[in-house]
Amino acid sequence: MTFSSIVRKNFIYNVRKYMSLYFVNTLIVAILFMFGSLLFNSDVYRQVGTTTLYEVIKSALMGVVLFSIVFITYSNISFMKYRGKEFGMYITLGMTTKDLTRLLFLEQAGILIISLVTGLVSGGVFSKLFYMGLNQMLIINPIRFEFSVNSLLLSSGIFLLIFICNFIFNILYIRKTSIIDVLNSSRKKGVGKSNLMLGMIAMVVFVVSAYLLPKVLLKQVFQNQSYMFILFLVLTLICPYIIFGTLIVVIKSVMKLFKKTYNNNLIVLSNLSHRFLAYKSTLYIVSILIAGAIFFIGMFYSMYATSRDNNDMENPFDIMFVETNQLNMMNAGEVEQILKEQGNTIEQNSTLEFIELPQFRDNKGAMVLWDDRTCIISESLFNQHMGTQYELKADQALESRLHAENMKHEIPTTFISVMNTEKLDAQFQESMSKEGLVQALAQYPYVEYPSQHITIINLPFINFSDLAGGYYGTALVVDDQVYDQWKAEIRQEQIKKFHLIKGDINEQGYQSLVNALRERNGFEMDDLKPIYKEGEFKRKLESNGTIFFIVLFLGALFAIASGVVLFHKVLSDIEDQKESLYSLQRMGVTSKELKNIISKELAITFFFPTLFGLGLGLYYFYVLFSNRPNVLDVVGKASIVALIFLVLQIIFYFVSRRKYFSELGKSL
C-alpha cells in the first residue's frame, strides 16, 4: 500500500471526524470576513468613523480574532488527542514522524483550502443577510453591502496564520511524544483526589464574593478601594473551577442519604466521579463561554429593547433649545406659532432662565476645575418650573439630575466663582489646595458650598444635551438672593434660557423651527441646535441596534463555542465508553438501561454548565446595571435571551445524544 493510498483511505474513513474541525474553521473564516466587511465598509466609516461606535466595531473585531486563535487551537488539540490511538497504530506499523508530518500536512491543507473557500463564500452570503437585518434597524442611514478586498485579506491572513501555528504545534506534538504516550493519549482521564474541604471553602468564598461585588460597585462597602471590585470579580470567576471539581463528590455523598435514588444512578455517579477532573475542566470552560454569551447578548439586547424608555428618561420634553443674547433669540409665542402652522399640538411651552459660571470641587484634598460652565438656576424659577417648594439658604444648593441612581453620592465641597470663563487661565486649569484657590479667586466674588449643604435631587427639569455648545443634564439650584447678585455681576453672554416644549410634535414642525432659528441667527448653529425627542430616539435605536447586531455575533460565537467544546468532549469519550459498555453488558445490563445511563451522563454534561453559565451571565449583567433603579426590569429583558438559549441548548442536547448513540453503534 502506497503512502498516497493510505492518505486517501484514511481521509475517507475519518471524513466524519474531520467535519467538526471543518465546521469550526469555516465558521471562523465567515465571522472574520463579516466583521472585516463591517470595518472596511465606506458607509460605516463615513457615518461613524470618528465616533465611539467605530471603536466598538474595532474592539469587537479584536475580540473575534483572539477568540478565533483560542477556539481553533482548542479544537485542534482536542482533535489530535482524539486521534492518539490512530497515530500510535501508524507508528507501530513503521511510519516515521516525517511520514506522519506529511500525512497531517496533506489532511490539514485539504481542510484549510475547503474551509477557506466555503468560509469566504458563507461569509459573503451571511454578510448580505447581516446588512439586510441591520438596515431594518438603521432607520436614518442604511448601510450598503460592499465586497472588500481588505476584508478578504484580513480573514484569509488571520486564518492562515492560525493554521501555520497549529501545524507547527502538531509537528512538535508528534515528534516529542513517545509511542506509548500517543497510544494512551485518547485513554487518559482526569484522575485525582477531590479535596472536599477546599471545595467547601471555594463555595463559601464564591457566595461571599457574589454578595459583595455589587455592593462594592455601589460603594456601600470598601469605599475608595476599587481594587476590591477586581478581587471579588476574579474570585467569582476562579472559584467555580474548584467547586466543579468537588461538586460531583458532594452530590454523590448527599445522594447516599437517599438509597433508592443513589442505587438507580450508581453507575452514572461512579463514572462521573472517576473522571471528575476531565469533566471539571470541560464544565468550567463551557460555563464561562455560556456566561459570556448571555452577558454580551443580554446587555445589548436590553439596551436596544429599552431605547424608548431611556430616551423618555433623558428627554422629558419633546423639543428643547438654548437661547443666548446672540443666538436662537425667539420668544415663546413665535415658537408656538411656527409649530402650530405645521399641525402640531402644544401642551406646554415654557422658558427657564439660567446662568453659567465656573465650578471648582474638592477632589481627594485638591481643588480642581470641575466645570467651566455650570448651569445655575434660582430656587424660585426652579420651583415655578417644576411645581416644587424648595427653600434654600445662602450657603445651600441642590444638584438636580435627570437620572436616579442606587449608588449614594456625596457632592464634595464646591466653589462657584463669579467670573468670565475666558479668564480661566492656566493657573485655574491645574489642581491646587483650598487655600491656593481662595487666594486665586481673591479678585472674584465666590460662594463656598460645604459638602453637607449640597443635596442631590432627581427631577426631569430639562432634556439631556452634550454638544459643543454646552453640557446640559445637571444644574445647581441656589438661593434667589445669591443668584440675583451673580446675575448682576456677570456678562450678558453668560445669561441664557431654556425653551422647553411638550406636545404632539412632528418632523415637519421640528424642521420648520430649525429653519426659522437658522434664519434668525443668520447661519447654521449645530452647537445650539434644538434637541428633538423623537429624533434622539431614532438615533438611539439606530446606535443600539447596530451595537446589538455586532455583539449578537460575538455572543453567538461564545454560544457555538460552548456547543463545540461539549461536542469534542462527547466525541473523545466514545472509545472509552465502548469499553465501559462492554463491561456493563457482561454484567447483564440491558441495552435500554445503557441508553438511560448514557442519557443521564450526557444530560449532566450539557445542562449543569448551561444552567450555571446562564445564572452567572445574568448575575454579571445584574452587577453591571445594579446602579439603575429599574435594574430588575433590565435583567428581565436579558432573561428572555437566556430562555431562548436554554431552548436551543435542549435541542442541541437531543441532536448530540442521537449522534452519540450513532457513534456507539453496535456497542448498544
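Rules and cut-offs
- Residues numbered from 1 in each chain as written.
- Predicted model: local features only at pLDDT ≥ 70, side-chain atom pairs only at ≥ 80, totals over all residues.
- Heavy atoms only, no water.
- Helix = DSSP H or I, 4+ residues; strand = E, 2+ residues; numbered from the N terminus.
- Core = buried A, V, L, I, M, F, W, Y, C linked by side-chain atoms within 4.5 Å.
- Buried < 20%, exposed > 50% of the residue type's maximum accessible area, 1.4 Å probe, protein only.
- Contact = heavy atoms within 4.5 Å.
- 1 Å grid on protein atoms, 1.4 Å probe; cavity = no way out; pocket = protein on both sides within 12 Å on 5 of 7 lines; lining within 4 Å.
- Points joined across faces, edges and corners; volume = space filled by probe spheres on them.
- Nonpolar A, V, L, I, M, F, W, Y, C, P; charged D, E, K, R; others polar.
- Pairing = 2+ DSSP bridges.
- Axes fitted to C-alpha atoms, helices over the stretch in contact; angles between N-to-C directions.
- Parallel < 35°, antiparallel > 145°, perpendicular 65-115°, else oblique.
- Left-handed = near helix turned anticlockwise from the far one by under 90°.
- Arc of directions from axis to C-beta.
- Phe/Tyr/Trp six-rings, centres within 6.5 Å; stacked < 30°, edge-to-face > 60°.
- Lys NZ or Arg CZ within 6 Å of the ring centre and 35° of its normal.

Now for unusual backbone geometry. The bulk of non-glycine residues show a negative phi, and the bulk of peptide bonds are trans. Its identity is not glycine, yet Asn 328 carries a phi of approximately 55°, on the positive side. Relative to the elements of secondary structure, Asn 328 occurs in the loop between strand E1 (319-323) and helix H15 (332-341). Even without being a glycine, Lys 364 presents a positive backbone phi close to 55°. On the secondary structure map, Lys 364 appears in the loop between strand E2 (345-363) and strand E3 (366-378).

Right, let's talk about the nonpolar core for a bit. Core analysis: the largest hydrophobic core is formed by 36 residues, its most contacted members being Ile 294, Tyr 619 and Phe 621. For this core, the elements supplying multiple residues, two or more each, are helix H9 (196-217), helix H10 (227-255), helix H13 (276-305), helix H21 (533-572), helix H23 (591-624) and helix H24 (631-664). Here this core takes 9 residues from H13, the largest share from any one element. With near-sequence residues (within four places) excluded, Tyr 619 lies in contact with Ser 209, Ala 210, Tyr 211, Leu 213 and Pro 214. The next biggest cluster of nonpolar side chains, apart from the first, holds 23 residues, and it includes Leu 327, Cys 375, Ile 457 and Leu 459.

With that out of the way, let us pick up the layout of surface pockets. Reported here for the largest pocket is a volume of approximately 1200 Å³. Lining the largest pocket are 38 residues, with Lys 219, Trp 370, His 409, Glu 410 and Pro 412 sitting closest to its centre. Breaking the lining of the largest pocket down by element, the ones donating at least two residues are H9, E2, E3, strand E4 (397-401) and strand E10 (474-478). When residues in the lining of the largest pocket are grouped by element, the largest group, 5 residues, is from E3. Here the lining of the largest pocket is composed, by residue class, of 14 nonpolar, 13 polar and 11 charged.

So, about the pairing of E2. Two strands pair when backbone bridges link them, and E2 and strand E11 (residues 495-504) are joined in this way by 10 bridges, in the antiparallel orientation. Each bridged residue has a counterpart across the sheet, and for Asn 349 the counterpart in E11 is Ile 501. Judged from the 8 bridges that link them, E2 and E3 form a sheet pairing that is antiparallel. Bridging across to E3, Glu 356 finds its partner in Cys 375. In sequence, E2 turns back onto E3 through a hairpin of 2 residues, with Lys 364 there showing a positive phi of about 55°. Here 3 bridges tie E2 to strand E5 (residues 414-417), and the two strands are oriented antiparallel to one another. What sits directly across from Gln 359, in E5, is Ile 416.

Any two packed helices are characterised by how steeply their axes cross, that is the angle between the axes, and by the distance between the axes. Two elements in contact, H23 and H24, have axes separated by 10 Å at closest approach and are oriented at 160°. It follows from the interaxial angle that H23 and H24 lie roughly antiparallel. In terms of crossing hand, the pair formed by H23 and H24 is right-handed. Residues of the contact of H23 with H24, tallied by class, amount to 23 nonpolar, 5 polar and 2 charged.

This part takes up helix H19 (residues 480-489). Residues of H19 that are buried: Val 482, Tyr 483 and Trp 486. Summarising the axial view, the buried residues of H19 lie within an arc of 100°, below the 170-degree limit, and thus occupy one face. Of the exposed residues in H19, those oriented more than 90 degrees away from the buried face are Gln 481 and Ala 488. Looking at the buried positions of H19, the neighbouring elements they touch are E2, E3, helix H16 (379-386), E5, strand E6 (446-449) and E10.

What follows covers the packing of aromatic side chains. Within the structure shown, the criterion is met by 19 aromatic pairs. Their ring planes at 55° and their centres at 5.9 Å tell us that Phe 222 and Phe 232 sit as a pair that is tilted. Of this pair, Phe 222 sits in the loop between H9 and H10 while Phe 232 sits in helix H10, placing them 10 residues apart in sequence. A cation over an aromatic ring shows up here: Lys 502 above the ring of Phe 317, its NZ or CZ 5.1 Å from the ring centre.

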